[in-house]
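Here is what each chain is made of, one letter per residue.
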Amino acid sequence: FVAGLFVWTLIEYVLHRFIFHLDELMQHNYWTITLHFVLHGVHHLLPMDPMRLVLPPIFAAAFAIPIIGTLQLILGHETTMGLATGGLTGYVLYDICHYYLHHW
């Protein structure tokens, strides 16, 4: 569980630091600019929109299910469920904090 919390924290940092804010690499490519805007940029355009603060659950599941399935094949059920539970808890706690920071 604790390892899952740590992994989620690392993933969130890497996504924001190295993917969501790589504006200098996206200046000249229409598709990367569009993808970036859809995934993260709209949140900066409308930071107070409560419907745009977190990844919609269907997309979160689309990412999580294949990752959890792959980990289960590699690490086994018990280890994967511990990691997944910690990671998903970290995700929900992050979303709660993120919402709070924007709306309170």
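Each value, and the rule that gives it
- Residues numbered from 1 in each chain as written.
- Predicted model: local features only at pLDDT ≥ 70, side-chain atom pairs only at ≥ 80, totals over all residues.
- Heavy atoms only, no water.
- Helix = DSSP H or I, 4+ residues; strand = E, 2+ residues; numbered from the N terminus.
- Buried < 20%, exposed > 50% of the residue type's maximum accessible area, 1.4 Å probe, protein only.
- Contact = heavy atoms within 4.5 Å.
- Areas by Shrake-Rupley, 256 points an atom, 1.4 Å probe, with all protein chains shown as cover.
- Patch = residues over 30% accessible without salt bridge, like charges linked within 9 Å, V, L, I, M, F, W, Y side chains within 5 Å.
- Salt bridge = Lys/Arg side-chain N within 4 Å of Asp/Glu carboxyl O.
- Axes fitted to C-alpha atoms, helices over the stretch in contact; angles between N-to-C directions.
- Parallel < 35°, antiparallel > 145°, perpendicular 65-115°, else oblique.
- Left-handed = near helix turned anticlockwise from the far one by under 90°.
- Phe/Tyr/Trp six-rings, centres within 6.5 Å; stacked < 30°, edge-to-face > 60°.

Undergrad: Explain the overall build of the chain here, please?
TA: From N to C terminus, the chain includes four helices and zero strands. From first element to last, N terminus to C terminus, the chain shows the α and β order α-α-α-α. Counting across all 104 residues of the chain, residues that qualify as buried make up 22%. Look at the contacts in the chain between residues 6 or more apart in sequence, and 56% of them connect residues 24 or more apart. Summed over all atoms, the accessible surface of the chain reaches about 7800 Å², with 77% contributed by carbon and sulfur.

Undergrad: Mind showing me how you'd approach a nonpolar patch on the surface here?
TA: A cluster of nonpolar side chains, namely Phe6, Val7, Leu10, Ile11, Tyr13, Val14, Phe18 and Ile19, defines an oily patch on the protein surface of about 740 Å² accessible area. Mapped onto the secondary structure, Leu10 falls in helix α1 (residues 2–20). With relative accessibility at 46%, the residue Leu10 sits in the partly exposed group.

Undergrad: Honestly, the packing of α1 against helix α2 (residues 30–45) in this entry has me stumped. Any pointers?
TA: Any two packed helices are characterised by the angle at which their axes cross and by the distance between the axes. Relative orientation of the contacting elements α1 and α2 amounts to 135°, with a least axis distance of 12 Å. Overall, the two elements α1 and α2 adopt an arrangement that is oblique. As for how α1 packs across α2, the hand of that crossing is left-handed. Across the interface between the two elements, His16, Ile19 and Phe20 of α1 pack against His36, Leu39 and His40 of α2.

Undergrad: Would you explain the environment of Gly4 in this entry?
TA: Along the chain, Gly4 turns up in helix α1. The class for Gly4 is buried, based on a relative accessible area of 2%. Here the alpha-carbon distance between Gly4 and Leu83, two residues 79 residues apart in the chain, equals 4.1 Å. Non-local contacts of Gly4, meaning those with residues more than four positions away in its chain, are made with Leu83, Gly86 and Gly87.

Undergrad: Honestly, the packing of aromatic side chains in this entry has me stumped. Any pointers?
TA: Aromatic rings in a pair are described by how distant their centres are and how their planes are angled relative to each other. All told, the structure shown has three aromatic pairs when counted by the stated rule. The interplanar angle of 65° and the centroid separation of 6.3 Å between the aromatic rings of Trp8 and Tyr94 together place this pair among those described as edge-to-face. With Trp8 in helix α1 and Tyr94 in helix α4 (residues 77–103), the pair connects residues that are 86 residues apart, well separated along the chain. Its relative accessible area of 16% is what places Trp8 among the buried residues. Given the relative accessible area of 26%, Tyr94 is considered partly exposed. Note on Tyr30 and Trp31: the rings are 5.0 Å apart at their centroids and 80° apart in plane angle, and the pair reads as edge-to-face. Aromatic ring contacts, followed pair by pair, group Trp8, Tyr91 and Tyr94 into a single cluster.

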